[in-house]
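Residues per chain, in single letters:
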Amino acid sequence: MNHPLRLAIVRQKYRPDGGAERFIARALDALSNDDLELNVITREWQGETNPDWHIHLCNPRKLGRISRESGFAKAARACWQDHDFDIVQSHERIAGCDIFRAGDGVHRRWLLQRQRILPHWKGRWLFYDRYHRYVMNAEKQMYADPALKQVICNSQMVKNEIIEDFGVSADKITVIYNAIDHNVFVPAKNSQKQKLKTQYDIPQDVPCFIYVGSGFERKGLAAAISAIAKTSAILLVVGSDKNQRKYEQIATQLGCKQRIFFLGMQKKTLDFYQMADALLLPTLYDPFPNVILEALSCGLPVITSTTCGGAEFIQNGKNGFVCDALDISALTDAIVQIPKNTAWTEMSQVARETILPYTPQRLSGELISLYKRILAL
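Going by what an unreviewed UniProt entry lists, the protein is known as Glycosyltransferase family 4 protein and is assigned to Proteus cibi.

Our focus in this paragraph is the overall build of the protein. The secondary structure content of the protein amounts to 15 helices and 15 strands. For 377 residues, the compact-globule estimate of 2.2 N^0.38 gives 21 Å, and the C-alpha radius of gyration of the protein, at 21 Å, lies within 12% of that figure. Projected onto its principal axes, the C-alpha coordinates of the protein cover approximately 60 × 50 × 35 Å. Counting the 377 residues in the protein, one finds 53% classified as buried. Taking as baseline every contact in the protein between residues at least 6 positions apart, the subset at least 24 positions apart corresponds to 69%. Counting every atom, the protein has about 17100 Å² of accessible surface; 49% of that belongs to carbon and sulfur. When the 47 basic and 40 acidic side-chain charges of the protein are each reduced to a single mean position, those positions are 6 Å apart.

Let us now look at the nonpolar core. Counting residues in hydrophobic clusters, the biggest one holds 60 residues, and the most contacted among them are Phe-209, Ile-210 and Leu-235. When sequence neighbours within four positions are dropped, the list of residues in contact with Ile-210 reads Leu-235, Leu-236, Val-238, Phe-272, Tyr-273, Ala-276, Ala-278, Leu-279, Leu-280 and Leu-300. Listed in part, the 35 residues of the second largest apolar core include Val-10, Cys-58, Cys-97 and Val-151.

Attention shifts here to the pattern of salt bridges. Applying the stated criterion across every chain yields a total of 15 salt bridges. Across the pair Arg-116 and Asp-324 runs a salt bridge whose closest N-O atoms are separated by 2.8 Å. Residue Arg-116 is found in the loop between helix H3 (107-115) and helix H4 (120-125), and its partner Asp-324 is found in the loop between strand E15 (320-323) and helix H13 (328-337); the two are separated by 208 residues along the sequence. Owing to a relative accessible area of 39%, Arg-116 belongs among the partly exposed residues under this scheme. The salt bridge involving Lys-193 is made with Asp-277; its shortest N-O contact spans 3.5 Å. Pair noted here: Lys-193 is in helix H7 (residues 190-200) and Asp-277 is in the loop between helix H11 (270-275) and strand E13 (278-281), with a separation of 84 residues, a long-range link. A residue is classified by how much of its surface remains accessible, and Lys-193, at 5% relative accessible area, is buried. The buried category is assigned to Asp-277, whose relative accessible area is 2%. Where salt bridges share partners, they join Arg-108, Arg-109, Glu-164 and Asp-165 into one cluster.

Turning our attention to the pairing of strand E6 (residues 87-90). Of the two faces of E6, both are covered, the one formed by Ile-87 and Gln-89 as well as the one formed by Val-88 and Ser-90. Summarising the sheet, strand E1 (residues 5-10) and E6 pair through four bridges and their orientation is parallel. Across the sheet, the residue bridging to Leu-7 is Ile-87, located in E6. Where E6 meets strand E7 (residues 99-101), two bridges bridge the pair, whose relative direction is parallel. From the neighbouring strand, Gln-89 faces E7, where its bridge partner is Ile-99.

With that settled, consider the sheet that holds E1. Overall, parallel pairing links the seven strands, which are arranged E5-E3-E1-E6-E7-E8-E9 in an open sheet. In this open sheet, the two strands that pair with only one neighbour each are strand E5 (53-57) and strand E9 (173-175). Here the average twist between neighbouring strands, direction ignored, is 20°. As paired elements, E1 and strand E3 (residues 36-42) share six bridges and run parallel to each other. When the bridges of E3 are listed, Leu-7 appears paired with Leu-38.

Before going further, it helps to spend a moment on the state of the cysteines. Under the defined criterion, the tally for this structure stands at zero disulfides. Unpaired in this structure, Cys-79 has its nearest cysteine sulfur neighbour in Cys-58, at a distance of 4.4 Å. Summary of cysteine pairing: Cys-308 is not part of a disulfide, and the nearest cysteine sulfur, belonging to Cys-323, is at 11 Å.

When two helices pack together, you describe them by how their axes are tilted relative to each other and by the distance separating the axes. Two elements in contact, helix H2 (residues 65-83) and helix H5 (residues 130-144), have axes whose closest approach is 9 Å; the angle formed by their N-to-C orientations is 20°. If you check the angle between H2 and H5, you find them roughly parallel. In this structure, H2 crosses over H5, and the sense of that crossing is left-handed. In this structure, H2 contributes Arg-65, Ile-66, Arg-68, Glu-69 and Ser-70 to the contact, and H5 contributes Arg-130, Tyr-131 and Tyr-134. Classifying every residue of the contact of H2 with H5 gives three nonpolar, one polar and four charged.

Attention now goes to unusual backbone geometry. Notably, Asp-84 is not glycine yet its phi reads approximately 50°, a positive angle. With respect to the helices and strands, Asp-84 occurs in the loop between H2 and E6. Overall, Asp-84 belongs to the exposed group, its relative accessible area being 58%. The phi dihedral of Asp-201 is positive, around 60°, even though this residue is not glycine. Note on placement: Asp-201 falls in the loop between H7 and strand E10 (208-212).

Calculation notes
- Residues numbered from 1 in each chain as written.
- Predicted model: local features only at pLDDT ≥ 70, side-chain atom pairs only at ≥ 80, totals over all residues.
- Heavy atoms only, no water.
- Helix = DSSP H or I, 4+ residues; strand = E, 2+ residues; numbered from the N terminus.
- Rg over C-alpha atoms; globule rule 2.2 N^0.38 Å.
- Buried < 20%, exposed > 50% of the residue type's maximum accessible area, 1.4 Å probe, protein only.
- Contact = heavy atoms within 4.5 Å.
- Areas by Shrake-Rupley, 256 points an atom, 1.4 Å probe, with all protein chains shown as cover.
- Lys, Arg positive; Asp, Glu negative; His and termini not counted.
- Charge placed at Lys NZ, Arg CZ, Asp CG, Glu CD.
- Core = buried A, V, L, I, M, F, W, Y, C linked by side-chain atoms within 4.5 Å.
- Salt bridge = Lys/Arg side-chain N within 4 Å of Asp/Glu carboxyl O.
- Pairing = 2+ DSSP bridges.
- Axes fitted to C-alpha atoms, helices over the stretch in contact; angles between N-to-C directions.
- Disulfide = S-S within 2.5 Å.
- Parallel < 35°, antiparallel > 145°, perpendicular 65-115°, else oblique.
- Left-handed = near helix turned anticlockwise from the far one by under 90°.
- Nonpolar A, V, L, I, M, F, W, Y, C, P; charged D, E, K, R; others polar.

Following this line, the structure appears as structure tokens:
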């Protein structure tokens, strides 16, 4: 190829702490070494920009959630048709892209999981809601569009869901797991752990679990608090949610308020992983949260749910536990089985070894080979 590959990545709102954005950032950093011209089509870019990236802002007027989605879809499509990019990789459900990265999973599957925690009438109403119907329809149109050449999934779970729900052929879907820089996310020595706990005023000789994620309902914080309440462990909650008060009240009602530490959004999470003995993330539905990779890299066993793609990395009893997101007694059993102070235990070593192959270089190689296959079509 004589000219550089002109790649456009579509993401409506670039937020540095978001999972999709971290995938994009790692991919772009890794890919920019290759013969590529990198373009990003976005409504709003909040992160640091690289002078080698071309940012295309598409910010049409929006009157509500549906107009926000449809307006951006229309503007983004017009932008990529205008510029005639070699490959358009969308991280939003927009028909006409060459590659779709299904980082948010399948919308219907999330609604089915959400129904489980809502009153019956409210759960049924989800499927009549205009916004949810719009998203499911946009998804359906995108998967049926002949322009779509490949789908990138970050878990086998989502690949299977797309095949089952949309009839997309398996050879059109590539699973590319997220990357982790295991030189940054490293296990703490016991002395470091104690020092950090002193610094943040966290009790020393108690099993310490960490929950990382914003959007507490979806990420299963209520179940995490309910399980912690049945043990003597403490929970560090890293993340934000406008309904935080509700979760503080749950902790108060269950008599464990003094053992739940709400630490808010943290740009740098390493200290908090290094204080903890394990990650507790009983998420209702999650394609594959990066926090699982980060925790494993720090040598933390992971307790997560069957509806989390990250469960594909967990072997029960070896580097963590997997159970139903709402099974409080199974979550409690898992918490009790995590060895206290896991810094040098076998479980911690297996946790770290699990993620060592998933480097940014591997991610880059997998993406480059996918792009080459598409250009050859």
